[in-house]
Every structure is written in structure tokens, then in C-alpha cells.
Amino acid sequence: MAKKQEAVDELLDALVWMRRKAKKHEAVDDLVDELIRMRRKVKKKAAKRKTLKKKTKKPKPKPKPKARR
């Protein structure tokens, strides 16, 4: 089963599709390219955070033994 795409991803896919079908407009192409770059950067950053959380999980400290009398 495929992972459900976010609305932002669907929008970017639609923009890329429209860019392919439309005539050449450099300003639009630059905008779409920049939006895609930004989205990739955000996804990469989120994935990096997720892996850092797993790696930096601190173990619980062991309880100190009670003093015997």
C-alpha cells in the first residue's frame, strides 16, 4: 500500500504536470523548481530529525540500590 501524499506534494505534482504541458515560461519554471527544492529540503531535514531522535535516546538511569543496615 502506498503512503498517502500530503497536499503540498499533490500541489507540486500538479504544478510539474502543468509546466510540462504549458509553453515555456522561465519565471514559472524557476518558481516550480524552487518550490520543489524547498520541499525536498524540508523532507530531508524532517528525516534527519527523526533519525537523530532515535540515536540520541538516553537510557533511563539505573536506580541506586538502597543501603542495607
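Structural data are supplied above this passage.
How each quantity is defined
- Residues numbered from 1 in each chain as written.
- Predicted model: local features only at pLDDT ≥ 70, side-chain atom pairs only at ≥ 80, totals over all residues.
- Heavy atoms only, no water.
- Helix = DSSP H or I, 4+ residues; strand = E, 2+ residues; numbered from the N terminus.
- Buried < 20%, exposed > 50% of the residue type's maximum accessible area, 1.4 Å probe, protein only.
- Areas by Shrake-Rupley, 256 points an atom, 1.4 Å probe, with all protein chains shown as cover.
- 1 Å grid on protein atoms, 1.4 Å probe; cavity = no way out; pocket = protein on both sides within 12 Å on 5 of 7 lines; lining within 4 Å.
- Points joined across faces, edges and corners; volume = space filled by probe spheres on them.
- Nonpolar A, V, L, I, M, F, W, Y, C, P; charged D, E, K, R; others polar.
- Patch = residues over 30% accessible without salt bridge, like charges linked within 9 Å, V, L, I, M, F, W, Y side chains within 5 Å.
- Salt bridge = Lys/Arg side-chain N within 4 Å of Asp/Glu carboxyl O.
- Lys, Arg positive; Asp, Glu negative; His and termini not counted.
- Charge placed at Lys NZ, Arg CZ, Asp CG, Glu CD.
- Contact = heavy atoms within 4.5 Å.

1. Comments concerning the overall build of the protein chain
Counting secondary structure elements, the protein chain contains two helices and zero strands. Every one of the 69 residues in the protein chain was classed for burial, and the buried ones make up 10%. Counting every atom, the protein chain has about 7800 Å² of accessible surface; 59% of that belongs to carbon and sulfur.

2. Observations concerning the layout of surface pockets
Roughly 280 Å³ of internal volume is contained in the largest pocket. Taken together, Lys3, Lys4, Gln5, Glu6, Asp9, Arg39, Val42, Lys43, Ala46, Ala47 and Lys50 make up the full set of residues lining the largest pocket. At six residues, the largest contribution of residues to the lining of the largest pocket is made by helix α2 (residues 26–55). Class assignment of the residues belonging to the lining of the largest pocket gives a composition of three nonpolar, one polar and seven charged.

3. Brief notes about a positive patch on the surface
There is a patch of like positive charges on the surface, built from Lys41, Lys45, Arg49 and Lys53. Within the element layout of this structure, Lys53 appears in helix α2. Residue classification places Lys53 among the exposed positions, given a relative accessible area of 63%.

4. What about the side chain of Arg39?
Positionally, Arg39 belongs in helix α2. Not counting residues within four places of it along the chain, the set of residues in contact with Arg39 comprises Glu6, Val8, Asp9 and Leu12.

5. Quick notes on the pattern of salt bridges
Applying the stated criterion across every chain yields a total of three salt bridges. The residue Asp9 makes a salt bridge to Arg39 at a minimum N-O spacing of 2.9 Å. Here Arg39 lies in helix α2 and Asp9 lies in helix α1 (residues 7–21), a separation of 30 residues in the sequence. Close ionic contact of Arg37 with Glu34 constitutes a salt bridge, the shortest N to O distance being 2.8 Å. Note that Arg37 and Glu34 are positioned in helix α2 at a spacing of three residues, about one turn of the helix. On the basis of relative accessibility, which here comes to 38%, the residue Glu34 falls in the partly exposed class. Overlapping salt bridges, with partners in common, bring together Asp9, Arg39 and Lys43 in one network.

6. Comments concerning a nonpolar patch on the surface
Taken together, the side chains of Leu31, Leu35 and Met38 present a nonpolar region at the surface, about 270 Å² in accessible area. Note that Leu31 resides in helix α2.

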